[in-house]
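What follows is each chain in one-letter form.
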Amino acid sequence: MTQQVKRTFKYRFYPTGEQAEELSRTFGCARLVYNKALEERTAAWYGEQRRISYVQSSAALTEWKKTEELAFLTEVSSVPLQQALRHLQAAFANFFAKRAKYPRFKSKKKSRQSAEYTRSGFKWRDGMLTLAKMSAPLDIRWSRPLPEDAEPSTVTVSRDAAGRWFVSLLCEDTVTPAPATDHAVGVDAGVTSLVTLSTGEKVTNPRHERRDRARLARAQRELSRKAKGSANREKARRKVARVHARIADRRRDFLHKLSTRLVRENQTVVIEDLTVRNLVKNHKLARAISDASWTELRTMLEYKCAWYGRELVVIDRFFPSSKLCGACGTVREELPLNVREWTCDCGKVHDRDVNAARNILAAGLAASACEDGVRPQREFSRTGRSSVKQETQRATAGLPRL
């Protein structure tokens, strides 16, 4: 059964000099409005214990435009400015709901600048996109087609640290579930092997950051020698940013291909609930863990499973997947990271990662069965989180906890 989902299609474009100047002004004005509104909200709360709503901030924006000091805000489209206030309102809503920290001021030196346009801020006609305050459409490189008869509801224009321009179109798309299969797979994340599957397959970690580490170090040394504020320093900064962009693009491409393959081939995918923020506190492994980007892989698996009718089960992070013998159920007291193969007292020889992946799969299937037909993925797709901690504990009852 098909379903309608909102998808973002991102493309690179090449603005004319006039368009680049207009967009740069828009970025600056949207950032100014966001920061000024945040400043007023903060002062009102800490000074008077008074909350300011979006409607009040919008009315204040109208008054700012009438002042001589901020009259230049009228030179750009009002739509991105209003969207900046809506984003601030969402940031405060997340803060009061304890989903995020207190909103922070946007920096002019931020690596990525962006502006968002709603339907009243752009014109879409015959596959050509024209933004407000512009006479000519954007020169977009259509690397992939939009859905048939697609009408963008929101357009976000951005410029990254490397100076590349992108436009993201939010459209309605029809997604068809993948053909059902009886295959299931457990996934154990690692550093040497990016993931190890319960089938015994090990996916080699491409180590994108390590491959470009010498090039990145050379570019950073050149940047450190340039005088602050000079044109040569800006050129050197862009060179560093291009190396970082190359690493990030290649990593994202690899993870997309891997996650798509896992979702297509398996009806159920079982992973561990890893706390990456705690893991990177190990300074010896922090760089390798960050390069592996386990969180991004999990995010991709989340929405792709939800789209294509697959089940994603996330087992308890304290489940002893590596130390548990998949043959007899014995749990070793200690298993140092440098031990990649071990022998259980029952005589079974285990590859550390393959054994962990198989235990993850078994625990995930058992936890899913404990729900009496209720699929854990349903909760997962609603909240963005999935916890089968209690089910995993039931499935592994009798096993010692670490």
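Residues numbered from 1 in each chain as written. Predicted model: local features only at pLDDT ≥ 70, side-chain atom pairs only at ≥ 80, totals over all residues. Heavy atoms only, no water.

For the protein chain, an unreviewed UniProt entry supplies the name Transposase and the organism Streptomyces hirsutus.

**Concerning the pattern of salt bridges**
Tallied over the full model, the rule gives 28 salt bridges. In this structure, aspartate 291 engages arginine 251 in a salt bridge whose closest nitrogen and oxygen atoms are separated by 2.8 Å. Of this pair, aspartate 291 sits in helix 8 (residues 286-292) while arginine 251 sits in helix 6 (residues 231-265), and the two are 40 residues apart along the sequence. As far as the burial class goes, aspartate 291 and arginine 251 line up, both buried. Among the salt bridges present, the one from arginine 261 reaches glutamate 265, with a minimum N-O distance of 3.5 Å. With arginine 261 and glutamate 265 both in helix 6 and 4 residues apart, this pair spans about one turn of that helix. Given the relative accessible area of 27%, arginine 261 is considered partly exposed. With relative accessibility at 41%, the residue glutamate 265 sits in the partly exposed group. In the salt-bridge network here, residues are joined through shared partners; they are Asp160, Arg164, Asp249, Arg252 and Glu296. (Salt bridge = Lys/Arg side-chain N within 4 Å of Asp/Glu carboxyl O. Helix = DSSP H or I, 4+ residues; strand = E, 2+ residues; numbered from the N terminus. Buried < 20%, exposed > 50% of the residue type's maximum accessible area, 1.4 Å probe, protein only.)

**Points about the packing of helix 2 (residues 54-66) against helix 3 (residues 78-96)**
Where helix 2 contacts helix 3, the two axes come as close as 10 Å, and the packing angle between them is 145°. Judged by the sense of rotation from one axis to the other, the crossing of helix 2 with helix 3 is right-handed. Residues Tyr54, Ser57, Ser58, Leu61 and Lys65 of helix 2 form the contact with helix 3, whose own contacting residues are Ser78, Leu81, Gln82, Leu85, Arg86 and Gln89. Class assignment for the residues of the contact of helix 2 with helix 3 results in 4 nonpolar, 5 polar and 2 charged. (Axes fitted to C-alpha atoms, helices over the stretch in contact; angles between N-to-C directions. Left-handed = near helix turned anticlockwise from the far one by under 90°. Contact = heavy atoms within 4.5 Å. Nonpolar A, V, L, I, M, F, W, Y, C, P; charged D, E, K, R; others polar.)

**As for the sheet that holds strand 12 (residues 311-315)**
One open sheet holds the 5 strands; their spatial order is 10-9-8-11-12, and the pairing between them is mixed. The sheet terminates laterally at strand 10 (202-204) and strand 12, the two strands that pair on one side only. On average, each strand axis in the sheet is tilted by 25° relative to the strand beside it, whichever way the strands run. Two elements, strand 8 (residues 184-189) and strand 11 (residues 268-272), share 3 bridges in a ladder whose sense is parallel. Note that in strand 11 the partner of valine 185 across the bridge is valine 269. Helix-sheet contacts for helix 10 (residues 352-369) involve strand 8, strand 9 (193-197), strand 10, strand 11 and strand 12, and the interaxial angle to strand 8 is about 130°. (Pairing = 2+ DSSP bridges.)

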